[in-house]
Amino acid sequence: MQLARFPRVRLGHLPTPLEPMPRLSKALGGPELWIKRDDCTGLATGGNKTRKLEFLMAEAQAQGADIVITQGATQSNHARQTAAAAARLGMDCHVLLEDRVQTEDREYYYNGNVLLDRLHGATVQAYPAGLDMNAQAVVVGEQFRKQGRKPYVIPGGGSNATGALGYVLCVQEMAQQALDKHLAFDQMVMATGSAGTQAGLAVGLKLSNSDMGLLGISVRMPKAQQEANVLRLAQATAAKLGQPDLMQAEDIVANSDYVGSGYGKPTPDGLEAIELFARHEGILLDPVYSGKGAAGLIDLIRKGHFSRDQRIVFLHTGGAIALFGYSSAFAYGRDVIAPATVA
Ligand SMILES: *Cc1c(COP(=O)(O)O)cnc(C)c1O
């Protein structure tokens, strides 16, 4: 079924740039590295949730919703982009934030994404860790309905078959850019969490008969569970497009070697990846998602997983605004600017 049959509202600055990373490629001495800049989708500093929200918010509008409810971890990029999308479309937004990452760093609880949620006018409620947060969001939606509101509940990460359509479409966007530059890519590497991004990409690649590989670097779940989650959502997405038998287990590959001690907990190799991208390409990653995805890319390059003549594209899924909730993860401290000796 054609993507144009599904309602879509334009929220992103699309197409996002597809750029080479010559200095990083050289520093790593590995394959030719490119980056698809979905951190530049424009909505409230950008990120991968914008493409999903183009389909989700259109469905909310079509259903006559006046409030969207969603959930995520405290520093959720998805919550922030949803809050901004709701503001843009004149809907209210209510977010449930799970205290999934317990930390001593107070900034984690009010800076970065949390600051922006509130700036965009969302109402925010904190939940303890370990609940079924999608179920909680449905309960809250029903409470709003009883108050006479028209709620639309978006699952965590915007990851359902509607949201994943945004990444089916992204494959078409990138294919056109690659064709315009006359470049073929051997592999895409990206961070995978609630699975919608990888599921949409996998469906898009299969529909277009692409021979580009797709590797998801897990930020939370063990490999087998992540692959199962992505496959289930990819199958639902393909079914929505009228092709229920399209996706098979071998279409989905995830690697969970870079999670570290858990979701949202910075890792040494993730922090190194953030510095490498910042200092070689002037590109900002984040400690929860894109930094761990890039850590996987870098480690696999160092281990010789890719050959030097391959061309690899890293999907930058955004998230850098969370850096302001994670400043204590970096060794810079608060008093490291050496005082000048005034002549
Ligand atoms: C949500 C998110 C991801 C993961 O995308 P999923 O579709 O949830 O798998 C990756 N990077 C960033 C910055 C995100 O906010």
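Everything that follows concerns the structure shown earlier in this document.
Attention now goes to the sheet that holds strand β6 (residues 151–153). Read from one edge of the open sheet, four strands run β5-β4-β3-β6, paired in parallel fashion. With one partner strand each, in any of the chains shown, β5 (123–127) and β6 form the two edges of the open sheet. In this sheet, neighbouring strand axes are inclined to one another by 25° on average, regardless of whether the strands run parallel or antiparallel. Bridge analysis of strand β3 (residues 67–73) against β6 gives three bridges, and the strand direction is parallel. Along β6, the bridge assignment pairs I69 with V153.

In this model, L14 is joined to P15 through a cis peptide bond whose omega is 0°. Even without glycine at this site, A44 takes up a positive phi of about 50°. Structurally, the position occupied by A44 is in the loop between β2 (32–37) and α2 (49–62). Unlike most non-glycine residues, N209 shows phi in positive territory, near 55°.

So, about the side chain of T267. Along the polypeptide, T267 turns up in the loop between β9 (254–255) and α10 (268–281). Accessibility expressed as a relative area gives 6% for T267, which makes it buried. Looking at T267, its side chain comes within polar contact range of the side chain of D269, at 3.0 Å.

This paragraph deals with the site of the ligand. In the region of the ligand, 17 residues are neighbours, and K49, K52, S194, T197 and T317 sit closest. A195 is positioned such that a nitrogen or oxygen atom in its backbone is 2.9 Å from an oxygen atom of the ligand. T317 is positioned with one of its side-chain polar atoms (N or O) 2.6 Å from a nitrogen atom of the ligand. In isolation the ligand has 380 Å² of accessible area, and contact with the protein removes 98% of it. A majority-of-atoms criterion places the ligand in the largest pocket. Listed by contribution, the elements that provide at least two residues to the shell around the ligand are α2, β7 (187–192) and α8 (196–207). Of the residues belonging to the shell around the ligand, the class tally is three nonpolar, 11 polar and three charged.

Cut-off values and rules
- Residues numbered from 1 in each chain as written.
- Predicted model: local features only at pLDDT ≥ 70, side-chain atom pairs only at ≥ 80, totals over all residues.
- Heavy atoms only, no water.
- Pairing = 2+ DSSP bridges.
- Helix = DSSP H or I, 4+ residues; strand = E, 2+ residues; numbered from the N terminus.
- Axes fitted to C-alpha atoms, helices over the stretch in contact; angles between N-to-C directions.
- Buried < 20%, exposed > 50% of the residue type's maximum accessible area, 1.4 Å probe, protein only.
- Polar contact = N/O pair within 3.5 Å; in protein donor to acceptor, adjacent residues only side chain to side chain.
- Near = heavy atom within 4 Å.
- Areas by Shrake-Rupley, 256 points an atom, 1.4 Å probe, with all protein chains shown as cover.
- 1 Å grid on protein atoms, 1.4 Å probe; cavity = no way out; pocket = protein on both sides within 12 Å on 5 of 7 lines; lining within 4 Å.
- Sits in = over half its atoms within 2 Å of the grid points.
- Nonpolar A, V, L, I, M, F, W, Y, C, P; charged D, E, K, R; others polar.

By themselves these figures say nothing about function.
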